[in-house]
Amino acid sequence: MTSLLDRVRDAGVVGAGGAGFPTHIKLDCKVEVLLVNAAECEPLLATDKYLLNTHPDEIVEAASAVAKHVSANKIHIAIKAVNEKEIASVRGAIAHLGSSVEIFPLDNYYPAGDEQMIVYDVTGRVVPPSGIPLDVGVVVSNSSTMWNIYHALSGRPVTHKFLTVAGEVARPTVLKVPVGTSFSECLNACGGSGLARFKIIDGGPMMGTVLNDSEINSEINPGRNSERNSAINSKCVTKTTSGIIVIPASGNFDACTHDTATRKMLNRAKSACVQCSFCTELCPRHLIGHPLRPHRIMRCMAAMDFAAENPVLESPALETLKEALICSECGVCETFACPMGLSPRQVNKYVKKLLAGVRHAKNANEKKHEAPLVPDEMRKHRKIAPPKIMARMGLQSLYEKKAEGFVELSPDRVRIPVKQHIGAPARPLVNVGDRVSLGQLIAEADGRVSANVHASIDGVVVEVGSVIEITKRGA
């Protein structure tokens, strides 16, 4: 009999709400608690809410199946309490199915959907620094991942993705598209943008990746695919794409656009940090007891010898700098906390980069279990509501412009990356000229930490490499 893990692996399911860790590996465990993350962590995104309203039975059934597999005696679906419609929808599915799943109402704060935040909110357990929920008997899975698991149990692979298109577009919308659909088609399906110059965020406004602004300077209009806009045309939807956000090219969004040159950002940190410690006092990881103090890392910048081969490793404050390794890069410090407009998150990313692959990095948190982790008693007073962050970033008007409606796309062409997940890329099984059908395995997991990739449309293979391009033309 085919096991749940076998079906999930065969279907190519990966974490749909994060970095894309292969789900068959994540669920190869035994835990006390299964936690379904339906918090919709990033502002502006609405995909979780759409799935909870339209497919609650599938999510609840998948959660029950997974809980049985991992031997969990508690199943929670964590939803923000403000989402009353979604809670009612899931509650109806639980009653209809006679399920033992429980709903846990979360406070409306950012980043409520962070894996370690949600574990603490629901269970009261603190995941150790650089640890994973499994360390405290919990496994967390996104609601979109649960939808994929439900279909995997019926033998249907991951071929489509739900995502939100929002921001400065004519009609903010939730889309269902074949994996490999271009961003430009997604934007055109939502009416395009009326802005002559804008920025595109792959993901949410807080932690998403901002596409190169120099390449995004042509207007996208419905019915016209701008061939000049190479950044958008070359970008395609993957299994982990959560949203596409359009924002103005100028405004108060500089802190999280990753545009500041590294040396300029470090010089600003050295010269302008007033050591107010607001970045630490509002840091979500610090507030649950993790030894992360961004203001001290910023202070270390003043003594940094940037002429050294590796200024971090040669710093006398190396032990303090190692704290950057447990930063989740949520962005609260630079988008909301810092009164000087500095970038503690970018500094932490710089430090992490210099520590990567070095022995110090591997042992940075070797003492994480020696002292008990005590959450800050002020945490409940320092949670930041998404509207406040959006207002500070100058995006309040976009926050109020909710994604409404639903559109399913059927493009004539898809470009499917063979690597859409953590680990090794999948190994292509097709050649140029091959005819493929929807759901056909076109790239096989290459190693344990890898994931299968399937055709998302019927068509003919016209390119095989880091992406497999399929077109309906000539099919």
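Data block above holds the structure.
Heads up: these notes are all about the structure in this document.

Reading the values: the criteria
- Residues numbered from 1 in each chain as written.
- Predicted model: local features only at pLDDT ≥ 70, side-chain atom pairs only at ≥ 80, totals over all residues.
- Heavy atoms only, no water.
- Helix = DSSP H or I, 4+ residues; strand = E, 2+ residues; numbered from the N terminus.
- Buried < 20%, exposed > 50% of the residue type's maximum accessible area, 1.4 Å probe, protein only.
- Contact = heavy atoms within 4.5 Å.
- Areas by Shrake-Rupley, 256 points an atom, 1.4 Å probe, with all protein chains shown as cover.
- Polar contact = N/O pair within 3.5 Å; in protein donor to acceptor, adjacent residues only side chain to side chain.
- Pairing = 2+ DSSP bridges.
- Axes fitted to C-alpha atoms, helices over the stretch in contact; angles between N-to-C directions.
- Parallel < 35°, antiparallel > 145°, perpendicular 65-115°, else oblique.
- Left-handed = near helix turned anticlockwise from the far one by under 90°.
- Nonpolar A, V, L, I, M, F, W, Y, C, P; charged D, E, K, R; others polar.
- Core = buried A, V, L, I, M, F, W, Y, C linked by side-chain atoms within 4.5 Å.

## A few points about the overall build of the chain
Here is step 1 of the chain: The secondary structure content of the chain amounts to 19 helices and 17 strands.
Here is step 2 of the chain: Of all 475 residues assigned to the chain, the portion counted as buried reaches 56%.
Here is step 3 of the chain: Long-range contacts, defined as pairs at least 24 residues apart, comprise 72% of the intrachain contacts of the chain with a sequence gap of at least 6.
Here is step 4 of the chain: On the chain, roughly 19700 Å² of surface is accessible, and the fraction owed to carbon and sulfur atoms is 49%.

## Quick notes on the side chain of Asn37
Here is step 1 of the chain: Turning to its location among the elements, Asn37 is positioned in strand 1 (residues 33-37).
Here is step 2 of the chain: Only 3.1 Å separates the side chain of Asn37 from the backbone nitrogen of Ala39, close enough to count as a polar contact.

## Focus on unusual backbone geometry
Here is step 1 of the chain: Following Tyr110, the chain continues into Pro111 via a peptide bond in cis, with omega recorded as 5 degrees.
Here is step 2 of the chain: Along the chain, the position of Pro111 falls in the loop between strand 3 (102-106) and helix 6 (115-123).
Here is step 3 of the chain: A positive phi angle is found at Ser130, which is not glycine, with a value near 65 degrees.
Here is step 4 of the chain: Structurally, Ser130 can be placed in the loop between helix 6 and strand 4 (138-142).

## What to know about the sheet that holds strand 11 (residues 413-417)
Here is step 1 of the chain: One open sheet accounts for four strands, arranged 11-17-16-13; its pairing is antiparallel. Since the sheet does not close on itself, it has two edges, and those belong to strand 11 and strand 13 (435-436), each with one partner.
Here is step 2 of the chain: Sheet topology note: the strand 16 (residues 459-464)/strand 17 (residues 467-471) ladder contains four bridges and is antiparallel. Residue Val464 lies in a different strand from strand 17, and its bridge partner there is Ile468.

## Comments concerning the sheet that holds strand 15 (residues 453-454)
Here is step 1 of the chain: Spatially, three strands are ordered 12-14-15 in an open sheet, and the strand pairing comes out antiparallel. The sheet is open, and its two borders are formed by strand 12 (427-428) and strand 15, each paired with just one other strand.
Here is step 2 of the chain: Sheet topology places strand 14 (residues 441-444) next to strand 15; two bridges connect them, and they run antiparallel. Looking at the pairing, Leu441 lines up with His454 of strand 15.

## Points about the pairing of strand 7 (residues 198-202)
Here is step 1 of the chain: Counting buried positions along strand 7 gives five out of five residues, so the element sits mostly inside the fold.
Here is step 2 of the chain: Of the two faces of strand 7, the one holding Phe198, Ile200 and Asp202 and the one holding Lys199 and Ile201 are both buried throughout.
Here is step 3 of the chain: Alignment of strand 7 against strand 9 (residues 243-248), held across five bridges, turns out to be antiparallel. Looking at strand 9, one finds that Lys199 is bridged to Ile247.
Here is step 4 of the chain: Relative to strand 8 (residues 209-210), strand 7 is paired through two bridges, and the arrangement is antiparallel. Each residue of the ladder has a partner; that of Ile201, found in strand 8, is Val210.

## Concerning the packing of helix 4 (residues 56-70) against helix 5 (residues 84-97)
Here is step 1 of the chain: Following both chains from N to C, one finds helix 4 and helix 5 inclined at 60 degrees, their axes separated by 9 Å at the closest point. With respect to helix 5, the element helix 4 is oriented oblique. Our pair here, helix 4 against helix 5, has a crossing hand that is right-handed. On the side of helix 4, the interface is formed by Pro56, Asp57, Val60 and Glu61, while helix 5 contributes Ser89, Val90, Ala93, Ile94, His96 and Leu97.
Here is step 2 of the chain: The residue inventory of the contact of helix 4 with helix 5, partitioned by class, reads six nonpolar, two polar and two charged.

## Regarding the nonpolar core
Here is step 1 of the chain: Of all hydrophobic cores here, the largest spans 41 residues; its most connected members are Leu34, Val66, Ile77, Ile79, Val90, Met146 and Ile149.
Here is step 2 of the chain: Of all the secondary-structure elements, those providing two or more residues to this core are helix 1 (4-10), strand 1, helix 3 (47-54), helix 4, strand 2 (74-80), helix 5 and helix 7 (143-152).
Here is step 3 of the chain: Aside from chain neighbours lying at most four places away, what touches Ile79 is Ala38, Leu52, Glu86, Ile87, Val90, Ile103, Phe104, Pro105 and Leu106.
Here is step 4 of the chain: Ala269, Ile297, Leu318 and Leu342 belong to the second-largest nonpolar core, a separate cluster that totals 24 residues.

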